[in-house]
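Working through the structure, step by step
Residue strings, one per chain:
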Amino acid sequence: MAEGFLTTHVLDTARGIPAAGVRIALYRVSGNSHRKIAETVTNADGRTDAPILPKDKFYTGTYELVFHAGDYLREAGIAGAEPLFVDQVPIRFGMAEDAHYHVPLLLSPYGYSTYRGS
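A brief structural summary. Computed from a predicted structure; not experimentally measured.

What the rule picks out here adds up to 3 aromatic pairs. For the ring pair Phe58 and Tyr101, a centre distance of 6.5 Å and an interplane angle of 20 degrees mean the geometry is stacked. With Phe58 in the loop between strand 5 (33-41) and strand 6 (61-68) and Tyr101 in strand 8 (residues 100-102), this pair connects stretches of sequence that are 43 residues apart. Tyr101 shares its class with Phe58; the two are buried. When the ring of Phe85 is compared with that of Tyr110, the centres are 6.4 Å apart and the planes differ by 35 degrees; the resulting orientation is tilted. Of this pair, Phe85 sits in the loop between helix 1 (69-76) and strand 7 (88-95) while Tyr110 sits in the loop between strand 9 (105-108) and strand 10 (111-114), and the two are 25 residues apart along the sequence. Accessibility expressed as a relative area gives 56% for Tyr110, which makes it exposed. Sitting over the face of the ring of Tyr101, Arg116 holds its NZ or CZ atom 3.9 Å from the ring centroid.

This is the structure in structure tokens:
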């Protein structure tokens, strides 16, 4: 059985709070093919209630998280003018080890960043 798993969370750096209600989709990527394997929404702490990719579904490879940030920014009333500068945020990354990967999103209406967390 795999020991790896994937978690994520979203922080609203414009307001200094967790970003609750952000829809997130996870895709497995192979060449030009994207296959959606999970979808979830962040809770009040800006996290998902469970790993977005749990141990029993974990495989090494290339993945993409798509954060539907624009919907969140609009709902929060901080989106700015349409079209939004930040709307859907795709983060493509590789998982080469059977380990815990944490890929957070730090979000504002005019920028974002990510890193491999712990």
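We now examine the sheet that holds strand 2 (residues 10-12). Pairing between sheet strands relies on hydrogen bonds along the backbone, with the strands arranged either parallel or antiparallel. With mixed pairing, the 4 strands of this open sheet are ordered in space as 3-2-9-10. On the outer flanks of this sheet lie strand 3 (17-18) and strand 10, each paired with one strand and no other. As defined by bridge partners, strand 9 adjoins strand 10 across 4 bridges and the pair is classed as antiparallel. In the sheet register, Leu106 faces strand 10, and the bridge partner there is Ser113. Helix 1 contacts strand 2, strand 3 and strand 9 of the sheet and is inclined by roughly 45 degrees relative to strand 9.

On to helix 1. For helix 1, every residue scored as buried is listed here: Ala69, Gly70, Tyr72 and Leu73. Axial view of helix 1: buried residues confined to an arc of 160 degrees, hence all on one face. At its buried positions, helix 1 is contacted by strand 2, strand 3, strand 6, strand 7 and strand 9. A positive backbone phi angle near 75 degrees is found at Gly77, which sits one or two residues after helix 1.

The rules behind these values
- Residues numbered from 1 in each chain as written.
- Predicted model: local features only at pLDDT ≥ 70, side-chain atom pairs only at ≥ 80, totals over all residues.
- Heavy atoms only, no water.
- Phe/Tyr/Trp six-rings, centres within 6.5 Å; stacked < 30°, edge-to-face > 60°.
- Helix = DSSP H or I, 4+ residues; strand = E, 2+ residues; numbered from the N terminus.
- Buried < 20%, exposed > 50% of the residue type's maximum accessible area, 1.4 Å probe, protein only.
- Lys NZ or Arg CZ within 6 Å of the ring centre and 35° of its normal.
- Pairing = 2+ DSSP bridges.
- Contact = heavy atoms within 4.5 Å.
- Axes fitted to C-alpha atoms, helices over the stretch in contact; angles between N-to-C directions.
- Arc of directions from axis to C-beta.

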